[in-house]
Amino acid sequence: MRNWAGNVDFGAARFCRPDSVDELRGLVAGSRRVRALGTGHSFNRIADTTGDLVSLAGLPAVVELDSAARLVEVSAGLRYGELAGHLHRHGFALHNLGSLPHISVAGACATGTHGSGDGNPGLAAAVAALELVTADGELRVLSRAGESAAEFCATVVGLGALGIVTRLWLDVEPAYSVRQHVYDDLEHEMVLAHLDEILASGYSVSLFTRWQPEPTYQLWRKRRVGAGDEGGAEPVFFGATAAADPRHPLPAMDAANCTEQLGRIGLWHERLPHFRLEFVPSRGEELQSEYLVPRALARQAIEAVAGIGHRVAPVLQVCELRSIAADEFWLSPGYRRDSLGVHFTWIPDPAAVLPVLAEVERRLAPLRARPHWAKLFGMEPAAVRELYDRYDDFRRLCAMRDPGRKFGNDFMDRYFPRF
Ligand SMILES: Cc1cc2nc3c(=O)[nH]c(=O)nc-3n(C[C@H](O)[C@H](O)[C@H](O)COP(=O)(O)OP(=O)(O)OC[C@H]3O[C@@H](n4cnc5c(N)ncnc54)[C@H](O)[C@@H]3O)c2cc1C
C-alpha cells in the first residue's frame, strides 16, 4: 500500500475496509493503533500507522441535500468531484475547490486543504458539523454552533488525531458560473508592485512561475459571472497578455487536461479546479510542498524564493502562488490570518528535492511560514509549535479524548508529543 505519489509505503499491520459505521466503531474500540485513510493524496507520513489503516470507501455513500437549510450531508470518504456533480444537478455549489477534485472531503478538511481567493478560506470553512468515531468507539457530533463550538474548531482540521470522521454537513450556496482567463508573461516587478490588485482581480487567482531564467508568471484568473465580471478580458493586464489559446501551467503539457479557459462561461466545478475531473493525473510523477505566509509578508516571501530561484528551478516543475482567507480552525495553516500560499510541485526525486526544501524553509521561516500538513516539509517540531497559538490546547484535547494515543502515529508523536 502506497500513497498516491508513491513516496510513502504505509507501515500498517492491517488494512481495513468496514462496510458499516457499526463495524467501524467496533474496529476502533478494539484497536490499539488506528488511522483513517482518505484517498491517500498526502505526500508525507501523516496518514500512516503501525496498526490498522482504515479506508471508509466501503461505507455507504451519502449525499443528502437540505436546500432550505443550505446544507449538504456527505459521507466522509466522498470525493469532491462526486459531490460537486451532485450539487450542481440540484442547483447548488460549494464556496471553493482545491486544484484536484479526486480527494476525499474528510481527508482534505483534516489537513487544511484550500483553493484560492482573497475571500475564500480553506475547504474546511464549509463544514458546519461533523460526526466522528472517538477512541472508545462512540459516535459524537460536533457543530460550529453551541456547546461544542471550541472542540469543533480543534477537530475539523484535526489531522486525524481526534477520531475517524464518518459524516460532515457542509454549507452550500446557489450554483454559480465562472469564466477563466489566462495571462502570459506577467513580470516579477509588476507582481511585487501590484500583488494585492492582481490577487483581488478574480474570485480565485493563481500565479504560476518557474523562477528561472527570470521570474515571470502566468496568471490564472477565475471570475464569477455577474460578480464584477464584465465579460471579456482586458487584452493586457499589468503588462501581461491574455492567452489566445488554452494553457497548461507546465509549457510542455497538453492543455486538453485543463479546465476551459478563454473566458468561456462554465459551471463552478468545471472552472475552479485547474484540471478536469475526467482527467486523472498520472501517479507518482510529482512531489509537493507548500507554505502559508501572512498576506502582509507576501512580497517578502516571493522575493525570498526568487532569491534562490537558481537552487529551486532544477528540481521544480512549477510554483503556484494563491491567496487564502483566514479561518478559525486551531491547526489550519490559515488560522486567524489571511495568507499567501507558496506551493511547489517538485520533480519526483526526494534525494534531490530535500536539500532544496531545507533551503526554502530557512528562507521562509522568518516570515512565520506554516507548512501544509499534507505535503513534504522538514521543519523541526519546536519551530512548528511556535506557529500555532492553540498548539498546546490541541495537545491537551488529544490527551483528554484519546489518552492511549490510539489515533497517534510517528508523524503525530513527532509534531504533537504527549504532555
Ligand atoms: C495532485 C494533487 C493536488 C493537490 N492539490 C491541492 C490543493 O489544490 N490545495 C491543497 O491545499 N492541497 C492539495 N493537495 C493536497 C491534498 O489536498 C491533501 O493531501 C489531502 O489531505 C488529500 O486528501 P486525502 O483524502 O487523499 O487524504 P489522505 O492523504 O488519505 O489523509 C490525509 C489525512 O487526513 C486524515 N483523514 C482522512 N480521512 C479521515 C477521516 N475520515 N477521519 C479523520 N481523519 C481522516 C488521515 O488520517 C490523514 O491524517 C493536492 C494533492 C495532490 C496529490
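Student: Could you give me a rundown of a negative patch on the surface, with the residues and numbers involved?
Tutor: A cluster of acidic side chains, namely Asp185, Glu187, Glu189 and Glu303, defines a negative patch on the protein surface. With respect to the helices, strands and loops of the structure, Glu189 is situated in helix α5 (residues 188-199).

Student: Could you give me a rundown of the domain arrangement of the protein chain, with the residues and numbers involved?
Tutor: By the assigned domains, the protein chain splits into domain 1 (63-174) and domain 2 (177-267). Computed from C-alpha atoms alone, the centre-to-centre distance between domain 1 and domain 2 is 29 Å. Contact with domain 1, which involves 7 residues of that partner, is made by 9 residues of domain 2. Between domain 1 and domain 2 the total buried area reaches about 580 Å² when both faces are included, carbon and sulfur atoms providing 35% of it. Contact with domain 2 buries surface across domain 1, with His88, Ser116 and Asp118 losing the most and accounting together for 60% of the total. For the pair domain 1 and domain 2, the interface holds 1 salt bridge. Between Glu173 and Arg224 there is a salt bridge, with its nearest N and O atoms 3.1 Å apart. Where domain 1 packs against domain 2, one counts 4 residue pairs in polar contact (both at pLDDT 80 or more). A per-class count over the side of domain 1 that touches domain 2 returns no nonpolar, 5 polar and 2 charged.

Student: How would you summarise the site of the ligand if you had to cite specific residues and measurements?
Tutor: In the vicinity of the ligand, 37 residues are found, and the nearest of them are Ala36, Thr39, His41, Ser42 and Ser104. With respect to the ligand, the backbone of Gly40 contributes an N or O atom lying 2.9 Å from an oxygen atom. A distance of 2.7 Å separates an oxygen atom of the ligand from a polar backbone atom of His41. In the complex, 98% of the free accessible area of the ligand, which totals 970 Å², lies under the protein chains. Listing elements by their share of the shell around the ligand, those giving two or more residues are β2 (34-37), α3 (105-110) and β9 (164-171). With 4 residues, α3 is the largest single contributor of residues to the shell around the ligand. Classifying every residue of the shell around the ligand gives 17 nonpolar, 16 polar and 4 charged.

What counts, and at which threshold
The residue count restarts for each chain, going from 1 along the sequence in the order it is written. Predicted model: local features are reported for residues with pLDDT of at least 70 only, side-chain atom pairs are reported and counted for 80 or more only, and whole-chain, interface and lining totals are derived from all residues. Calculated side-chain values reflect all of the structure's heavy atoms, with hydrogen atoms and water omitted. By definition, no residue in a patch forms a salt bridge, and every one has over 30% relative accessible area; like charges are joined within 9 Å, nonpolar side chains (Val, Leu, Ile, Met, Phe, Trp, Tyr) within 5 Å. For the area figures, the Shrake-Rupley method with a 1.4 Å probe applies, and any residue is considered shielded solely by the protein chains shown. We define a salt bridge as a side-chain nitrogen of Lys or Arg found within 4 Å of a carboxyl oxygen belonging to Asp or Glu. Only four residue types enter the tally: Lys and Arg on the positive side, Asp and Glu on the negative side, with His and both chain ends excluded. Every charge is mapped onto a representative atom, which is NZ of Lys, CZ of Arg, CG of Asp or CD of Glu. Runs of E in the DSSP output that reach at least two residues are strands. Runs of H or I that reach at least four are helices, and both are numbered from the N terminus. Residue ranges assigned to the domains are those given by an automatic or database domain assignment. Whether two residues are in contact is decided by their heavy atoms: any pair within 4.5 Å suffices. Two parts placed together each lose some accessible area; with a 1.4 Å probe, that loss summed over both constitutes the buried area. In the analysis that follows, any N or O atom pair within 3.5 Å is treated as a polar contact, provided that within protein one partner can donate a hydrogen and the other can accept it, and provided that, for residues neighboring in sequence, both atoms belong to side chains. Note on residue classes: Ala, Val, Leu, Ile, Met, Phe, Trp, Tyr, Cys and Pro are nonpolar, Asp, Glu, Lys and Arg are charged, and everything else, Gly too, is polar. By convention in this text, a residue qualifies as near a molecule or strand provided that one of its non-hydrogen atoms is within 4 Å of it.

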